[in-house]
Amino acid sequence: MSLLPQNELKALEAWFVDLKDALGASQGADRGRVLASVRKLVAENESYAKEKLVVAKALGHSRWGDLYNWANEKLVAVPEVELPEVFNEPPNGLVFRPGGDYDKAQKRLVKTRLRVKELWAYLDGEVADDPSLFDWAENAKAQVIEAFLASKNAEEFDQECVAFIRDVDRNADPDDEWVEVAGEAAAVLELDADLPFLVVEDLLSYARGEGVEATRRNIKEMGSSINPANRWFDYLLTAYFLQKTRPEHREIQEAITLFNETTKLLECFELVDTIDPRFPALTKKRSYDQALNLEQLTEGIRKYAEMKKENMEGTYEDWQEALKEVVSAVSPV
């Protein structure tokens, strides 16, 4: 006989039936078997919680929820795009920096890969609509890879990817479009007899092989300058010396100074009389040793920059001797 009211007893019996269903027990299971099932479930749940914590910590997370959110981001619908392997690892700038952490950078890479996939899908879509844009798209991808490898801030890089997708067509200035310059430079430099011939030939070969670029605006400015041959020479020499395809104005100015001071110490030119209506006040110009080659010149510039940085002691003649010794060790062409 039960001391519970009839309605409460029926509710308890109904609850017990539901509990057996939830546990997967048979309808004939008694209270002892149901209690054993509940205890087993509680023990398994505690074990599961410990296992989740171990898995989360092993993957660099302090909480299971953080790991879950990270994994969930990987499952966000993204364009079906295969990225170059370079995007499988965080760049050195995010790892080897004050406060850098490889595991954190690797986790953050999930978001960056999503942005890059969106950009890749955008570029591929542009090419699908207009196949003539293939070279433009490939060049853009190469720039993105270069920017990724040099990046030190993941958020800034991600924003650049988004900005490219949204602004490239709307805000682009045709004068700021980058184009290869080997042809433009050759048309000017091959007609100049004053610059060192072997150096010019090697610079043009580098420009063709590596695809040295300038904006259309820069090309116009160099073409309209008083001495376009010297401007092109400075541009390509800086690109080669720094092993870049897009030298910056500041870098060119620094390279010009190093070039002038180095060639003066090397005595690889002589001053000859000149009559040039473009420069009425100029009575002398440099006539370079045509046997000078690019490897000798860049080795000399590199050595001079090193001596200058270290503020090497000695007279002008000491610097001159040290520089000539280095250059003479470079085999002539």
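Our structure's up above, just so we're on the same page.
Here is a short report on the structure shown in this document. It should be emphasised that the depicted structure is a prediction, and the values quoted were computed from it without experimental measurement. The numbers attached to residues start from 1 for each chain and follow its sequence in the written order. At least 70 in pLDDT is required for a residue's local features to be given in this predicted model, at least 80 for side-chain atom pairs to be given and counted, and no such filter applies to totals for whole chains, interfaces and linings, which use all residues. Side-chain descriptors were evaluated using all non-hydrogen atoms of the structure, hydrogens and water having been removed beforehand.

Going along the chain from the N terminus, every DSSP run of H or I of four or more residues is numbered as a helix, and every run of E of two or more is numbered as a strand. Helices and strands together make up the secondary structure of the chain, namely 14 helices and four strands. Per-residue burial for the chain yields a buried fraction of 31% across its 333 residues. At a minimum sequence separation of 6, the contacts of the chain that also span at least 24 residues come to 63%. Per element, the accessible surface of the chain, about 21400 Å² overall, is 53% carbon and sulfur. Here's how the labels work: a residue is buried when its accessible area is under 20% of the maximum for its type, exposed when over 50%, partly exposed in between, all with a 1.4 Å probe on protein chains only. It only takes one pair of heavy atoms within 4.5 Å for two residues to be counted as in contact. Surface exposure here means Shrake-Rupley accessible area, sampled with a 1.4 Å probe, where a residue is shielded only by the protein chains that are shown.

Another point: the environment of Ile165. For Ile165, the location among the structural elements is in helix α7 (residues 154-167). Expressed as a C-alpha distance, the spacing of Ile165 and Glu118, which sit 47 residues apart in the sequence, is 8.4 Å. Each residue touching Ile165, except ones within four places of it in the same chain, is listed here: Glu118, Leu119 and Tyr122.

A few words now on the side chain of Arg246. For Arg246, the position within the fold is in the loop between α11 (228-242) and α12 (249-266). A distance of 3.3 Å separates the side chain of Arg246 from the side chain of Gln143, its partner in a polar contact. Reaching out from Arg246, the side chain makes a polar contact with the side chain of Glu213 at a distance of 2.7 Å. Look past the residues within four positions of Arg246 in its chain and what remains in contact with it is Asn139, Gln143, Trp178, Glu213 and Tyr235. Side-chain atoms alone can form a polar contact between residues adjacent in sequence; in general such a contact is a pair of N or O atoms within 3.5 Å, and within protein one must be able to donate a hydrogen while the other accepts it.

Any two side chains of opposite charge can pair, so long as their charged atoms come close to each other. By convention in these notes, a salt bridge is any Lys or Arg side-chain nitrogen within 4 Å of a carboxyl oxygen on Asp or Glu. Considering all chains together, one arrives at 15 salt bridges under this definition. The salt bridge involving Glu138 is made with Lys141; its shortest N-O contact spans 4.0 Å. Taken as a pair, Glu138 and Lys141 lie in helix α6 (residues 134-150) at a separation of three residues, close to a single helical turn. Judged by its relative accessible area of 37%, Glu138 falls in the partly exposed class. What makes Lys141 buried here is its relative accessible area of 12%. We note a salt bridge from Glu306 to Lys303, for which the minimum N-O separation is 3.7 Å. Note that Glu306 and Lys303 are positioned in helix α13 (residues 294-309) at a spacing of three residues, about one turn of the helix. Three or more residues joined by partner-sharing salt bridges are found here, namely Arg108, Glu155 and Asp158.

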